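Now for the letters of each chain:
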Amino acid sequence: HRDLHSFPTRRSSDLIEALLDGKDFPRRYIQYFSDIDPASLSLLMQAWPKVKPSRKRSLLKQMEANLEEDTLASYDDLARALLTDPDSSIRAAAIRLLAESGDPKLVPSLVKILEADEDSATRAEAATALGQFVMLGELEEIPEKVHRQAEDALLHAASAEDREITRRAVEGLGFSSRPEVPPLIESAFRRADHAWRASALFAMGRSNDDRWQEHVLGMLVSEDTHERLAAVQAAGELGLAAARSMLIRLLEEEEADTITSAAIWSLSEIGGEDARTYLESLLDMTDDEDQVEFLEEALENLEFTEDLEHFDLMAFDPEDEE
């Protein structure tokens, strides 16, 4: 894995020169922003105000795409430096680049953005990012103080006037075990609005709470695509065995590719012999290389699900119940 630290200062200068000229930016240079060393970052930030806004946005978009392809890439240091960029679209993109960071030191900055940024879209991105820290807090992987800070900020944002910010806050709170959260999710689900119900279902999937089973099962047959997708994903995340046959029927009728892919993955998360038989039959019937690869990954995940269930059964001690 290469980064700017691996190259002499001249290479950093070449990179900055390429940023500033009017020619197409060489795609191969994108990797040099990953794990950027402090000296190179300093040089870059000095030149950054001179870079055309359109080029900045294009670069960050390419970095987002690259994160999906390269698991070793990390633009955290650059993204941190851009959280205070004057351009709101750059600030929002920087937050998305930090989606997998998990560094608790980011929370104060994200809370500040959520509470005070002048751009509502950027505030919404901060709400989404804080949801990751609620999850890490529930897993006890970050300090309790930081966990509480993220939760409190999202609970406050859940009553914001901006619809998108409020929805993102509810989604982020899905991970939380705070008693204030289930009523917020229920209230969002009861709204006569497809986007709100989809957000509620998204939060239900994150909750690890079987109380939402009937809500999720009912939305598997929703006529709205966003609601149906969110319900399919939630069914898998919650491991709802009652959804297994419904998901198989859905796969036989569904036309939206995003939903069929989600249903396949959810079956792999729920498990069961019916799920295995159906996924294996789908694999036998397709010649599409991408679909073959995805189904093979789903079957591997199904094995993991079954191994986990077997482990849980082996760990069960009847005396504990007594």
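A few points on the structure. From a predicted model like this one, the values you see are computed outputs, not experimental measurements. (Residues numbered from 1 in each chain as written. Predicted model: local features only at pLDDT ≥ 70, side-chain atom pairs only at ≥ 80, totals over all residues. Heavy atoms only, no water.)

**Focus: the overall build of the protein**
Line of reasoning, step 1. A tally of regular secondary structure across the protein gives 18 helices and zero strands.
Line of reasoning, step 2. The dimensions of the protein, computed from C-alpha atoms along their principal axes, are 65 × 50 × 45 Å.
Line of reasoning, step 3. Long-range pairs, those at least 24 residues apart, make up 62% of the contacts in the protein with a sequence separation of at least 6.
Line of reasoning, step 4. Here the protein displays about 17400 Å² of accessible surface, and carbon together with sulfur accounts for 48% of that area.
Line of reasoning, step 5. Across the protein, the mean location of the 33 positive side-chain charges is 12 Å away from that of the 70 negative side-chain charges. (Helix = DSSP H or I, 4+ residues; strand = E, 2+ residues; numbered from the N terminus. Contact = heavy atoms within 4.5 Å. Areas by Shrake-Rupley, 256 points an atom, 1.4 Å probe, with all protein chains shown as cover. Lys, Arg positive; Asp, Glu negative; His and termini not counted. Charge placed at Lys NZ, Arg CZ, Asp CG, Glu CD.)

**Details of a negative patch on the surface**
Line of reasoning, step 1. A cluster of like negative charges, contributed by D287, D288, E289, D290, E293, E296, E297, E300, E303 and D307, occupies part of the molecular surface.
Line of reasoning, step 2. Following the sequence through the fold, E293 ends up in helix α17 (residues 289–315). (Patch = residues over 30% accessible without salt bridge, like charges linked within 9 Å, V, L, I, M, F, W, Y side chains within 5 Å. Salt bridge = Lys/Arg side-chain N within 4 Å of Asp/Glu carboxyl O.)

**Section: helix α5 (residues 88–97)**
Line of reasoning, step 1. Extensive coverage of α5 is indicated by the burial of seven of its 10 residues.
Line of reasoning, step 2. Among all positions in α5, only I90, R91, A92, A93, A94, I95 and L97 are buried.
Line of reasoning, step 3. Where α5 is buried, its residues contact α3 (53–69), α4 (76–81), α6 (107–116) and α7 (120–138). (Buried < 20%, exposed > 50% of the residue type's maximum accessible area, 1.4 Å probe, protein only.)

**Concerning the nonpolar core**
Line of reasoning, step 1. Counting 98 residues, the largest nonpolar core has F25, F33, M63, L114, L130, V216 and L279 as its most contacted members.
Line of reasoning, step 2. Those residues in contact with L114, other than ones at most four positions away along the chain, are R123, A126, A127, L130, A153, L154, A157 and I165. (Core = buried A, V, L, I, M, F, W, Y, C linked by side-chain atoms within 4.5 Å.)

**A word on the packing of aromatic side chains**
Line of reasoning, step 1. Scanning the model with the defined rule gives four aromatic pairs in all.
Line of reasoning, step 2. On the numbers, 5.8 Å between centres and 80° between planes, the contact of F25 with Y29 is edge-to-face. In terms of burial, F25 and Y29 fall into one category: buried.
Line of reasoning, step 3. The interplanar angle of 40° and the centroid separation of 6.2 Å between the aromatic rings of F25 and F33 together place this pair among those described as tilted.
Line of reasoning, step 4. The class for F33 is buried, based on a relative accessible area of 1%.
Line of reasoning, step 5. An aromatic cluster is present here, built from F25, Y29, Y32 and F33 joined pairwise through their rings.
Line of reasoning, step 6. Positioned above the aromatic ring of W196 is the side chain of R191, whose terminal nitrogen or guanidinium carbon lies 3.9 Å from the ring centre.
Line of reasoning, step 7. The ring of W212 has R211 lying over it, and the distance from NZ or CZ to the ring centre is 5.7 Å. (Phe/Tyr/Trp six-rings, centres within 6.5 Å; stacked < 30°, edge-to-face > 60°. Lys NZ or Arg CZ within 6 Å of the ring centre and 35° of its normal.)

**Points about helix α8 (residues 144–157)**
Line of reasoning, step 1. With 14 residues, α8 should cover 20 Å at 1.5 Å per step; its first-to-last C-alpha distance of 20 Å lies within 8% of that length.
Line of reasoning, step 2. By the burial criterion, the buried members of α8 are V146, H147, A150, E151, A153, L154, L155 and A157.
Line of reasoning, step 3. Looking at the buried side of α8, the elements it contacts are α6, α7, α9 (163–173) and α10 (181–189). (Expected span 1.5 Å × (residues − 1).)

**Points about the pattern of salt bridges**
Line of reasoning, step 1. All chains considered together, the criterion is met by 20 salt bridges.
Line of reasoning, step 2. Among the salt bridges present, the one from E186 reaches R190, with a minimum N-O distance of 2.6 Å.
Line of reasoning, step 3. Here E186 falls in the partly exposed class, since its relative accessible area comes to 24%.
Line of reasoning, step 4. With its nearest N and O atoms 2.7 Å apart, the salt bridge here joins D209 to R211.
Line of reasoning, step 5. The class of D209 is partly exposed, set by a relative accessible area of 22%.
Line of reasoning, step 6. Look at the salt bridges and you will find they share partners, linking E64, R96, E125, E164, R167 and R168 into a network.

**Quick notes on unusual backbone geometry**
Line of reasoning, step 1. Even without glycine at this site, D35 takes up a positive phi of about 50°.
Line of reasoning, step 2. Along the chain, the position of D35 falls in the loop between α1 (9–20) and α2 (38–47).
Line of reasoning, step 3. The class of D35 is partly exposed, set by a relative accessible area of 31%.
Line of reasoning, step 4. A positive phi angle, close to 55°, is found at N208, a residue other than glycine.
Line of reasoning, step 5. Tracing the sequence through the fold places N208 in the loop between α11 (194–207) and α12 (213–219).
Line of reasoning, step 6. Classification of N208 as exposed rests on a relative accessible area of 70%.

**Concerning the side chain of T260**
Line of reasoning, step 1. You can see T260 is positioned in helix α15 (residues 257–270).
Line of reasoning, step 2. The class for T260 is buried, based on a relative accessible area of 16%.
Line of reasoning, step 3. What T260 contacts, discounting residues up to four positions off in sequence, is L251 and E254.

**Observations regarding the packing of α8 against α9**
Line of reasoning, step 1. Where α8 contacts α9, the axes come no closer than 8 Å and their chain directions differ by 140°. Relative to α9, the element α8 lies oblique. Crossing of α8 over α9 shows left-handed handedness. For the pair formed by α8 and α9, the contact residues are E151, L154, L155 and A157 on the first element and I165, T166, A169, G172 and L173 on the second.
Line of reasoning, step 2. Taken together, the residues that form the contact of α8 with α9 break down as six nonpolar, two polar and one charged. (Axes fitted to C-alpha atoms, helices over the stretch in contact; angles between N-to-C directions. Parallel < 35°, antiparallel > 145°, perpendicular 65-115°, else oblique. Left-handed = near helix turned anticlockwise from the far one by under 90°. Nonpolar A, V, L, I, M, F, W, Y, C, P; charged D, E, K, R; others polar.)

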